[in-house]
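Structure at a glance
Now for the letters of each chain:
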Amino acid sequence: MKKVITLISGSLAVTALAAQEKPNIVLIYADDIGYGDFSCYGATRVQTPNVDALANNGVRFRNAHSAAATSTPSRYGMFTGEYPWRRKGTGVAAGDAALIIKPHRFTLAKLMKEAGYTTGAVGKWHLGMGDETGKQNWNERVSPGPYEIGFDYSYIMAATGDRVPCVYMENQRAVGLDPNDPIQVSYTQNFPGEPTGKENPELLTKLKPSHGHDMAVVNGISRIGYMKGGKSALWEDENIADSITVHAVRFIERNKDKPFFLYFGTNDIHVPRYPHERFRGKTDMGHRGDALVQFDWSVGEVVRALKEAGVYDNTLIIITSDNGPVVDDGYQDEAVEKLRNHKPWGPFRGGKYSTFEAGTRVPFIVHWTANVRKGVSDVLVSQIDMLATFSELVGKEVSEENRADSQKQLSAWLGNDGKGRDYVIGSAYALTLLTKDWKYIAPSNGNPYNAHTNTELGLNPEEQLYNMVIDRGEYDNVADENPLTVRFLKQILEEEKEKGMGLEL
Ligand code: NG6
Ligand code: CA
C-alpha cells in the first residue's frame, strides 16, 4: 500500500487520502481496565503480550483520559465529542434505557460513514436502545440503536454483563431467540414465579453478589433487573469473550477490501467476571487477573485477523478503557483477596467512580505501523477528541457545532507533537479540571467514599488543588497556598460551563 504521509515542517501529517488508501480504524474499548493493569504499564502478576506488542510498536500514553469515570458517559463523550456533563441523562444506563444518543446527533460512526467507511459496533454498548425507556419489545428489531447513529453492523450486549437482558443483539435483534419463549424485561418488578438471587441463593452456582446484583438469575449468576423468557438466546458468561471476538474478527474479514471502522467494546474486565475455563488460573489473581489475560487474547485475535486479511499495516488500532479500575464491583470473585501487591490504578489515587485521577486516567495505545512515532508520550490526551481527530485522519471536515468539545489532536495521537490538550474536564459527581501541571476538583457535598467498592471518590466540600508534577497521587491539597491558580482554573471551568451545562438530551 502506498504511503500517504507528507512531512510538513518536521511533523507527520496525513494528506487527503484516496478512498482505497484510507486507513482502517479498530477501536478496542476495554471495560474497567485500569492504568496499571497491563504489563506494558507496569503490571507484573499478569502478562498482556498482545497489548504490549502494540504498545511497543506504537505510542503508549501516560496522561490519557476517558470522558468520565463510568461507562455510559465515557461512551457518550467518545461517540459525540461532547462532554457528558453537559447533558442530563448520560449517567450509568439501566439495561432498558432508551437510546441516549439521539438519532439526529452527529457521531463518530456517522463521520466515518460520510468518509466512505463501513462501520461496525461489536460488544458492550451501554448507550441504551429504543425510543422509550422500559418500552422496548426485545422480541422484535429494537430501534433506534447503533444503526440509527451510524453503525452499519452491530453485534452487541445492550447494556453490561451484569444487567438484563442477557442476550446478544445482532443488528438490533436478539440472537437465537425462540419466538415461543419471548423475552420480558423489567427494572421495576419481578415476573411472578421467576427466581431471584435474593430469594434463591441456591441457584447462584457461578457467582454470588457482594453488593446489589440480586435480581434475575441467568447462567448461575444474579443480575441487575428482572427478566423472563428468551432461554435459547441467553448468553453464557464464560463464552462472551469468544462470541464477541469472533464477531469482531468476522467483521474484519468481511470488510477487508474497503475501509472500515470497528468499535470493539469488550466485556472484560467488567463484572460479573467469569472468564472461559482455558484462561482460569493463568494468573494468581483469580477471575479479575484471568479476565485480563482473556482481554489480551481478544486483542491478539483481532491483530491476527488484521494480519491475515493483509490490512494490519494500514489499520490504526487504539486500545483504551472506558474508566478506571474497581476491584469489588459487586460479586464475590476473590478479586480483593487475591490482589495483594497488584495496583490496577498504577500510581494514581481513586478508581472507577472517582474524581481522583484513577477514575479517568486510563491506558491509551495508538498503533499504526509505519505512521506513528513509536514511544511513550506524556502529553495530555482525551477520548473526547476521537471525533475531531478521526475527522483529521480521514480528511473530512466536521462543523464546529458537530465537533462539540472534540479537538483535532492527530499529531499528538500519532506521537509527533509535544503539546496535546491544554486541559481536560472530568466528571464523576464533581467536575475536575486537569492541565499538564495542575488538577482542580470543584467542591462537592457528596460522600467522599464508596464503602461497597472501597473507592475514594475525591469529593470534598472544600476546593482541591493538586500539583500533578510533584504529587500525581493527589495527597497534598495545595488550594490555600495557590489562590491565583485556583482562580484561573475555576474561571476556565466557568467559561466551559457557560457554553452549556445540564442540557436535555
Ligand atoms: C453499578 C453496579 C456495578 C457496575 C456499574 C456500572 C451495583 C451495586 N453496581 O451500579 O456493578 O455495573 O454500575 O459500571 O449495581 S460501568 O462500567 O458499566 O459504568
Ligand atoms: Ca466501565
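Above this note sits the structure.
Residues numbered from 1 in each chain as written. Chains lettered and ligands numbered in written order. Predicted model: local features only at pLDDT ≥ 70, side-chain atom pairs only at ≥ 80, totals over all residues. Heavy atoms only, no water.

Observations concerning the sheet that holds strand β20 (residues 430-435)
The strands that make up a sheet are held in pairs by hydrogen bonds between backbone atoms, and each pair lies either parallel or antiparallel. The four strands lie next to each other as β19-β20-β21-β24, forming an open sheet whose pairing is antiparallel. Every other strand in the sheet has two partners, leaving β19 (423-428) and β24 (464-467) as the edge strands with one partner each. Within the sheet, the average angular offset between the axes of one strand and its neighbour, ignoring direction, is 15°. Strand direction decides the pairing type here: strand β21 (residues 438-441) and β24, joined by four bridges, are antiparallel. Along β24, the bridge assignment pairs K439 with Y466. Against the sheet, helix α9 (residues 483-498) touches β19, β20, β21 and β24, its axis set at about 115° to β20. (Pairing = 2+ DSSP bridges. Helix = DSSP H or I, 4+ residues; strand = E, 2+ residues; numbered from the N terminus. Axes fitted to C-alpha atoms, helices over the stretch in contact; angles between N-to-C directions. Contact = heavy atoms within 4.5 Å.)

Side note on the pairing of strand β15 (residues 315-321)
Across the seven residues that make up β15, a large majority, seven, are buried. Side chains of β15 alternate between two faces, with T315, I317, I319 and S321 and L316, I318 and T320 buried alike. Bridging between strand β3 (residues 24-30) and β15 involves seven bridges; their strand directions are parallel. Its bridge partner being in β15, A30 is matched across the sheet by S321. Taken together, the four bridges between β15 and strand β16 (residues 364-367) define a ladder with antiparallel strand orientation. (Buried < 20%, exposed > 50% of the residue type's maximum accessible area, 1.4 Å probe, protein only.)

Quick look at helix α4 (residues 240-255)
For α4, which comprises 16 residues, the first-to-last C-alpha distance of 23 Å matches the rise-based estimate of 22 Å (1.5 Å per residue) to within 8%. Within α4 the residues assigned to the buried category are I240, A241, S243, I244, T245, H247, A248, V249, F251, I252 and N255. Buried residues along α4 sit against β6 (118-124), β7 (153-157), β8 (168-170), β14 (260-265) and α5 (286-308). (Expected span 1.5 Å × (residues − 1).)

Describing the nonpolar core
Ranked by internal contacts, the top residues of the largest apolar core, which has 110 residues, are W125, F261, Y263 and F390. Looking at this core, the element that brings in the most residues is α5, giving nine residues. If near-sequence neighbours (up to four positions away) are discounted, W125 is found in contact with R75, F79, L99, G145, P146, I149, F151, I156, M157, A158, A159 and Y263. The next biggest cluster of nonpolar side chains, apart from the first, holds 24 residues, and it includes L431, A479, L489 and L493. (Core = buried A, V, L, I, M, F, W, Y, C linked by side-chain atoms within 4.5 Å.)

Overview of the side chain of K110
Its location among the elements puts K110 in helix α3 (residues 108-114). Despite its burial, K110 pairs with no opposite charge; the closest candidate is E114, at 7.8 Å N-O. Among the polar contacts listed, one links the side chain of K110 to the backbone oxygen of P103, at a separation of 2.5 Å. (Lys, Arg positive; Asp, Glu negative; His and termini not counted. Salt bridge = Lys/Arg side-chain N within 4 Å of Asp/Glu carboxyl O. Polar contact = N/O pair within 3.5 Å; in protein donor to acceptor, adjacent residues only side chain to side chain.)

A few points about the sheet that holds strand β9 (residues 173-174)
Pairing is mixed across the open sheet formed by 10 strands, whose spatial order is β9-β8-β7-β6-β14-β3-β15-β16-β4-β17. The open sheet terminates on both sides in strands that have one partner only, identified here as β9 and β17 (375-377).

Some points on the coordination of the calcium ion (ligand 2)
Distances from the calcium ion (ligand 2) to its protein donors, D31 (OD), D32 (OD), D322 (OD), D322 (OD) and N323 (OD1), fall within 2.2 to 2.7 Å. For the calcium ion (ligand 2), the six donor atoms in the first shell make angles of 52 to 170° at the metal, a pattern classed as irregular. Within one chain, the residues serving as donors to the calcium ion (ligand 2) are arranged as D-D-x289-D-N. Residue D31 is located in the loop between β3 and α1 (49-56), and its partner D322 is located in the loop between β15 and β16; the two are separated by 291 residues in the primary sequence. (Donors = N, O, S within 2.8 Å, 3.2 Å for Na, K, Ca; no water. Tetrahedral: all angles 85-135°; square planar, octahedral: opposite > 155°, others 65-115°.)

Notes on helix α2 (residues 71-80)
Burial runs high along α2: 10 of the 10 residues are buried. Taken together, the buried positions of α2 are occupied by S71, T72, P73, S74, R75, Y76, G77, M78, F79 and T80. Of the surrounding elements, those touching the buried residues of α2 are β3, α3, β6, β14, α6 (386-394) and α7 (400-403). Following α2 by one or two positions, G81 has its phi on the positive side, about 80°.

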